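Spelled out, the chains give:
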Amino acid sequence: MSTSTGTGTPPATTADTDRLWSVDEHLDDILGKLRPLEPIELQLLDAQGCVLVEDVTVPAALPPFDNSSMDGYAVRVADVEGASEEFPAVLTIVGDIAAGSGELPAVGPGEAARIMTGAPVPPGAEAVVPVEWTDGGTGGGRADAMTAGRPAADGDGPGLGEVRVHRPAAARAHIRDRGSDVGAGEIAVRAGTVLGPSQIGLLAAIGRASVTVRPRPRVVVVSTGSELVPPGEALTAGRIHDSNSFMLTACARDAGAIAYRVGAVDDEPATLRSTLDDQLVRADAVVTSGGVSVGAYDVVKEALSGLTAEEGRVSFRRLAMQPGKPQGFGRIGPDRTPLFALPGNPVSAYVSFELFVRPAVRALMGLPPFGDRRTVRAVCPQGVASSPRGRRQYLRGHYADGRVTTVGGASSHLVKALADANALIVVPENVTSLAEGAEVDVVLLD
């Protein structure tokens, strides 16, 4: 990726760089340039977290046969009618039926079959009595567990003995009917569903080994700054630990993406361009942090402002918001991969991700961009002393029971306050302060 201007589309228009964009304008521009990722077929576990693109119907009833919901005995209703502990029904055991059994013993008058949970109900049986309603075949009192069959006293017969049933059972008692979960031809999972563990379990239960989904976007996260040191390494003078790449990677995962953390890149445009070239092969979107303002070493802006038409385009803008005024967005590389250039201050980067990247990740998945973050009205007891005129301010807050309090100040470097917050308090552009007890919009972060 070179930085020669060449011919074709200019790097960034005057309208992009000189005017102040609103939050909504910037977001609309981003979403207007994105299309959902193309569907692919994935194995079930690989499809977790992805969006299903077609209705999946049930090929055969679930469960596929009548089965027992208890460990106990399969019986005929008439044979246990009126049974009690004083006058138990004494039945001959004709066989054992475990889960997965194929050949089933028929249950005739005066007979019972020992049956396990999930095992198919045998012919002739009309109900299942739990083992706790019987003597378990021991000839004693109430049983707590099943026992193995014992030979008949004379050595003849089936050799499984007898069972005493102490309670009657109604027809179909403790039997799970064929198709009681879902019937053949019904829709198991609808298109547009994000596949979680329960949906994966249902798809497996009806025999689907793979499904067609929109994949989770692959998001590559790159932080910039020669001052950054990986966590775990000692700091020297003027250096700080790289928190942004970890935070933004976690943000991307939380939004549903498959995230790759590249780490920190020095303030060298050539190094950044080379890094991006290497990463585009595995990226559906790229997120950078830092280097987008007006400083002498704003590497992202320097590296990407002069792309040729063949290389793509990234526009750098000033937004009417606090924090997060400097922003960049464009599409680069042969596949026009979306790139989000976020500010470097941690709070600015986090708020920017929430406002712009998170909706974009959902759009790439084929989901409504704003479906997973609720905005509610809440009382702010302490109010807000001041907010910049003409900018939409996002303050960190803690929300509970319809009330929200500010956490920390407005400075965009306060990482501890960000960690303590569970909401963003939104102060509109035309509001410069909020009285104590005023109502505000609050974006919930969990």
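Residues numbered from 1 in each chain as written. Predicted model: local features only at pLDDT ≥ 70, side-chain atom pairs only at ≥ 80, totals over all residues. Heavy atoms only, no water.

J.: Looking at this model, I keep getting lost on the sheet that holds strand β21 (residues 326–332). Mind explaining?
T.: The seven strands lie next to each other as β1-β19-β21-β22-β18-β14-β17, forming an open sheet whose pairing is mixed. Of all strands in the sheet, those with a lone pairing partner are β1 (20–21) and β17 (258–265), marking the two edges. As defined by bridge partners, strand β18 (residues 285–289) adjoins strand β22 (residues 337–342) across four bridges and the pair is classed as parallel. The residue of β22 that forms the bridge with Ser289 is Leu342. Contacts from helix α5 (residues 244–255) reach β14 (218–224), β17, β18 and β22 within the one sheet, and its direction differs from that of β17 by about 165°. (Pairing = 2+ DSSP bridges. Helix = DSSP H or I, 4+ residues; strand = E, 2+ residues; numbered from the N terminus. Contact = heavy atoms within 4.5 Å. Axes fitted to C-alpha atoms, helices over the stretch in contact; angles between N-to-C directions.)

J.: Please explain the layout of surface pockets as it appears in this structure.
T.: A water-sized probe, rolled over the atoms, reveals where empty space remains. Approximately 450 Å³ is the volume attributed to the largest pocket. Considering the residues around the largest pocket, the lining is formed by 23 residues, among which Leu355, Phe370, Thr375, Tyr394 and Val443 are closest to the centre. Elements that contribute at least two residues to the lining of the largest pocket include exactly α2 (23–32), α8 (346–364), β23 (375–380), β24 (392–400), β26 (423–427) and β27 (438–444). The residue makeup of the lining of the largest pocket, split by class, is 13 nonpolar, one polar and nine charged. (1 Å grid on protein atoms, 1.4 Å probe; cavity = no way out; pocket = protein on both sides within 12 Å on 5 of 7 lines; lining within 4 Å. Points joined across faces, edges and corners; volume = space filled by probe spheres on them. Nonpolar A, V, L, I, M, F, W, Y, C, P; charged D, E, K, R; others polar.)

J.: Teacher, can you tell me more about the pattern of salt bridges here?
T.: Counted under the stated rule, the structure contains 22 salt bridges. The salt bridge involving Glu429 is made with Arg392; its shortest N-O contact spans 3.0 Å. Of this pair, Glu429 sits in the loop between β26 and β27 while Arg392 is found in strand β24, placing the two residues 37 residues apart along the sequence. Because the salt bridges share partners, they merge into one network encompassing Asp254, Glu354, Arg358, Arg362, Asp372 and Arg373. (Salt bridge = Lys/Arg side-chain N within 4 Å of Asp/Glu carboxyl O.)

J.: Help me understand the sheet that holds strand β13 (residues 210–214) in this model?
T.: Note: strands within a sheet are paired through backbone hydrogen bonds, in either parallel or antiparallel orientation. Taken in spatial order, the three strands line up as β2-β13-β3 in an open sheet, and their pairing is antiparallel. A single partner strand is all that each edge strand has here, and the edge strands are β2 (40–43) and β3 (51–52). Here β3 pairs with β13 via two bridges, running antiparallel. Each residue of the ladder has a partner; that of Leu52, found in β13, is Val213.

J.: What is the right way to look at α8 in this model?
T.: An α-helix turns once every 3.6 residues. As a result, residues three or four positions apart point the same way. Bending of α8 peaks at approximately 45° at the position of Phe353. Here α8 lies mainly inside the structure; 19 of its 19 residues are buried. Gly366, located one to two residues past α8, shows a positive phi value of around 85°. (Bend = angle between axes of the 7 residues up to and from the residue. Buried < 20%, exposed > 50% of the residue type's maximum accessible area, 1.4 Å probe, protein only.)

J.: Would you mind showing me how to read the packing of aromatic side chains here?
T.: The description of an aromatic ring pair uses the distance of the two centres, along with the angle that the planes make with each other. Scanning the model with the defined rule gives one aromatic pair in all. One residue, Arg19, lies across the ring of Trp21, its end atom 4.1 Å from the ring centre. A cation over a ring is seen here: Arg317 above Trp21, with NZ or CZ 3.8 Å from the ring centre. (Phe/Tyr/Trp six-rings, centres within 6.5 Å; stacked < 30°, edge-to-face > 60°. Lys NZ or Arg CZ within 6 Å of the ring centre and 35° of its normal.)

J.: What should I look at first to understand the pairing of β22 in this one?
T.: Successive residues of a regular strand alternate their side chains across the two faces of the sheet. With six of six residues buried, β22 lies mostly within the body of the structure. Neither face of β22 is open: one carries Thr337, Leu339 and Ala341, the other Pro338, Phe340 and Leu342, and all of them are buried. When β21 meets β22, the two strands line up antiparallel, connected through five bridges. Each bridged residue has a counterpart across the sheet, and for Gly328 the counterpart in β22 is Ala341. The loop that links β21 with its antiparallel partner β22 comprises four residues; one of these, Gly333, has a positive phi angle of about 80°.

J.: Help me understand the environment of Ser180, please; the structure alone is not making it clear to me.
T.: Considering the arrangement of structural elements, one finds Ser180 in the loop between β11 (175–176) and β12 (187–189). For Ser180, a relative accessible area of 48% puts it in the partly exposed group. For the pair Ser180 and Pro64, spaced 116 residues apart in sequence, the C-alpha separation works out to 9.2 Å. Sequence-distant contacts of Ser180, defined by excluding residues within four places in its chain, comprise Leu62 and Pro63. Within the structure, Ser180 has its side chain in polar contact with the backbone oxygen of Asp177 (distance 2.7 Å). (Polar contact = N/O pair within 3.5 Å; in protein donor to acceptor, adjacent residues only side chain to side chain.)

J.: Mind showing me how you'd approach the environment of Ser387 here?
T.: Within the secondary structure, Ser387 is located in the loop between β23 and β24. For the pair Ser387 and Thr375, spaced 12 residues apart in sequence, the C-alpha separation works out to 20 Å. Contact partners of Ser387, with chain neighbours within four places excluded, come to Gln393, Val427, Val431 and Thr432. In terms of polar contacts, Ser387 uses its side chain to reach the side chain of Gln393, at 2.8 Å.

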